[in-house]
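Here are the chains, one letter per residue:
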Amino acid sequence: MSRIAKALMKAPIHVYRYTFKPLVGGQCRHWPTCSEYALEAIELNGAWRGFWLMLSRFLRCGPGGTHGVDPVPDIRLERHVFAPWRYGRWGQKNQAAASED
């Protein structure tokens, strides 16, 4: 079941990478790029946690957001059953705390 969920989460990212991304160009503010980050987050942490990491990264990538090297954290052991948004790294404060671990 988890392989199916991962594949379903990755499908729109692959569609974006092979259709729209060549038109937009390689102007990402982070390394790895947002699509690479999303694929790695889903593969490493599973579809559910990867989704929240991906969403938080996309929102950080906007105007006034973060930039630079932003590796995917390993959050497989974190449990937030009733607050899944806590899986995301929403700002620079969370990003700095994640890099210290």
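Before any of the text, the structure's been laid out above.
Residues numbered from 1 in each chain as written. Predicted model: local features only at pLDDT ≥ 70, side-chain atom pairs only at ≥ 80, totals over all residues. Heavy atoms only, no water.

1. Regarding the packing of helix α3 (residues 34-45) against helix α4 (residues 47-60)
In step 1: Axis separation between α3 and α4 bottoms out at 7 Å; the angle between their running directions is 160°. Relative to α4, the element α3 lies roughly antiparallel. Note that α3 runs across α4; the crossing there is right-handed. Of the residues in α4, those in contact with C34, Y37, A38, A41, I42 and N45 of α3 are A47, R49, G50, F51, L53, M54, R57, F58 and R60. (Axes fitted to C-alpha atoms, helices over the stretch in contact; angles between N-to-C directions. Helix = DSSP H or I, 4+ residues; strand = E, 2+ residues; numbered from the N terminus. Parallel < 35°, antiparallel > 145°, perpendicular 65-115°, else oblique. Left-handed = near helix turned anticlockwise from the far one by under 90°. Contact = heavy atoms within 4.5 Å.)

2. Concerning a nonpolar patch on the surface
In step 1: Where nonpolar side chains cluster on the molecular surface, the patch consists of Y16, F20, L23 and V24 and spans about 410 Å² of accessible area.
In step 2: Structurally, V24 can be placed in helix α2 (residues 21-24). (Patch = residues over 30% accessible without salt bridge, like charges linked within 9 Å, V, L, I, M, F, W, Y side chains within 5 Å. Areas by Shrake-Rupley, 256 points an atom, 1.4 Å probe, with all protein chains shown as cover. Salt bridge = Lys/Arg side-chain N within 4 Å of Asp/Glu carboxyl O.)

3. Things to note about the environment of P32
In step 1: Within the secondary structure, P32 is located in the loop between β1 (30-31) and α3.
In step 2: Placed 38 residues apart in sequence, P32 and D70 show a C-alpha to C-alpha distance of 6.8 Å.
In step 3: Beyond its immediate sequence surroundings of up to four residues, P32 is in contact with Y37, R57 and D70.

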